[in-house]
Amino acid sequence: MRNHALFVLTLSAALAAHAAPAGQAPAPRPAQQPAGEPPARWQRFAPAEEEFTVDFPSPAAAYHMSREVKDSPTHETVPARVYTAYHDGVVFLVASFDEPRAHEPLSFFVGEFFGAQELPAVRGSFTRHVRSGGVDGWQYAFTHRGAEGVARFFLTSKHAYMAEAVGGGEAHPAVARFLKSFKLAAAARSPRREAESPPRAAGPEQAVPVRNPPRSLPATIDADPPLIKPDARDTPGDPKPAPGGVSSGPGVGGGLGPGRTAAGGGPPGSSPPFRSVEVAQRANVVFKPTPGFTEEARRNNVTGLVRLRCVLTSSGEVTKITVINGLPDGLTEKAIAAARGIRFIPAVMDGRRVSQWVTLEYNFNIY
């Protein structure tokens, strides 16, 4: 039996928004910072296996994954990693891809980040050339449901990198500091390849078809899909589940029943969590880690759905996780751990960020 995995890797076109062209009206005013949210505590982040350093405004989480080499007849995979943090309405993310091949230029990775086959697309708009260390790169802008985003792409002889912020444009002070802080090592070098020009608009037409797509899954409701799209690849020996959507609703299908509790889901002084139908702008999931199988679940061929109820708080945390439907052999625990790693822009109501109830679904399949 072959084990097929889903890895959360590339910047998605899983959103119906498009990059804002020059002259477009500015994005809506940022929501007010919720009471009790701590100030930024910028820290230098320097992973030992990488060629970069960067400043994050809060402790960063690291997720180890993989990607499939372009046009590989054997579906060869190589390591990849995602580093994420959140602060004050902005999600900060660095994606790292090992061993870019000679037939994988920087434009390929740009297309992968912005491409998706089965969902509507976010299109990136090239804004300018950038440089870090001795390596040239490209910067793109995009919007996501009124939230500005900026992404920078670099290609060295050892890695492809993307430094991305969602929730603020280049003029946003925290975004500007994050982008400026991304530094490639002095030893990093651009690969010796034919020079290429950046695609002025990057979208799904550049995406490489995903092999071994996941089986059709029941639709979820009230979902803002993540900016990081699932990558369905064949990775023997390490089956992963297909991440379900983020949903909440008035008791329809997998949604939650009406009413909201008086218990808070955010920082001290914040309002109780709202349902998705009550907020002006729903929480936007930017990154949703994929939980792995346990050895026991693999041996016992456990498959099925884990459904969790939780709060995406106004301060960017995932709290009050409760199990609606679970699975044995540690898979429920795997789903809970993955849920805690979700990065999102909080919901907005009356011009301020608020907490929102959601339902998360994780489909565990071996096929």
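Residues numbered from 1 in each chain as written. Predicted model: local features only at pLDDT ≥ 70, side-chain atom pairs only at ≥ 80, totals over all residues. Heavy atoms only, no water.

Here's the deal with the overall build of the chain
Right, on to step 1. Within the chain, the regular secondary structure consists of four helices and 21 strands.
Right, on to step 2. For the chain, with 367 residues in total, the buried portion stands at 55%.
Right, on to step 3. Sequence-distant contacts, at least 24 apart, represent 72% of the contacts inside the chain between residues at least 6 apart.
Right, on to step 4. For the chain, the accessible surface area stands at approximately 15200 Å², while carbon and sulfur atoms represent 52% of it. (Helix = DSSP H or I, 4+ residues; strand = E, 2+ residues; numbered from the N terminus. Buried < 20%, exposed > 50% of the residue type's maximum accessible area, 1.4 Å probe, protein only. Contact = heavy atoms within 4.5 Å. Areas by Shrake-Rupley, 256 points an atom, 1.4 Å probe, with all protein chains shown as cover.)

Section: the side chain of Gln356
Right, on to step 1. In this structure, Gln356 sits in strand S21 (residues 356–364).
Right, on to step 2. A distance of 2.9 Å separates a polar side-chain atom of Gln356 from the backbone nitrogen of Ala283. (Polar contact = N/O pair within 3.5 Å; in protein donor to acceptor, adjacent residues only side chain to side chain.)

A few points about the sheet that holds strand S2 (residues 43–45)
Right, on to step 1. What the three strands build is an open sheet, ordered S2-S3-S11; its pairing is antiparallel. Strands at the two margins of the open sheet, each flanked by one partner only, are S2 and strand S11 (183–184).
Right, on to step 2. With three bridges connecting them, S2 and strand S3 (residues 52–56) associate as antiparallel partners. Its bridge partner lying in S3, Arg44 is registered against Asp55.
Right, on to step 3. Helix H2 (residues 173–181) rests against S2, S3 and S11 of the sheet, and its axis sits at about 165° to S3. (Pairing = 2+ DSSP bridges. Axes fitted to C-alpha atoms, helices over the stretch in contact; angles between N-to-C directions.)

Remarks on the environment of Thr53
Right, on to step 1. Within the secondary structure layout, Thr53 lies in strand S3.
Right, on to step 2. On a C-alpha basis, the gap between Thr53 and Ser181 in space is 7.5 Å, while along the polypeptide they are 128 residues apart.
Right, on to step 3. With residues near it in sequence (within four places) discarded, Thr53 still touches Arg44, Phe45, Ala46, Ser181, Phe182 and Lys183.

Digging into helix H4 (residues 331–340)
Right, on to step 1. Turning to H4, its buried residues are Leu331, Thr332, Ala335, Ala338 and Ala339. For H4, the angular spread of the buried residues around the axis is 125°, confining them to a single face. Across H4 from its buried face, at more than 90 degrees, point the exposed residues Glu333, Ala337 and Arg340.
Right, on to step 2. Buried residues along H4 sit against helix H3 (295–299), strand S16 (304–312), strand S17 (318–325) and S21. (Arc of directions from axis to C-beta.)

Section: the environment of Val318
Right, on to step 1. By secondary structure assignment, the location of Val318 is in strand S17.
Right, on to step 2. The exposure class of Val318 is buried, given its relative accessible area of 9%.
Right, on to step 3. As for Val318 and Gln356, which are separated by 38 residues in sequence, their C-alpha atoms are 9.9 Å apart.
Right, on to step 4. For Val318, the contacting residues outside a window of four places in its chain are Cys310, Val311, Leu312, Ala339, Arg340, Ile342 and Phe344.

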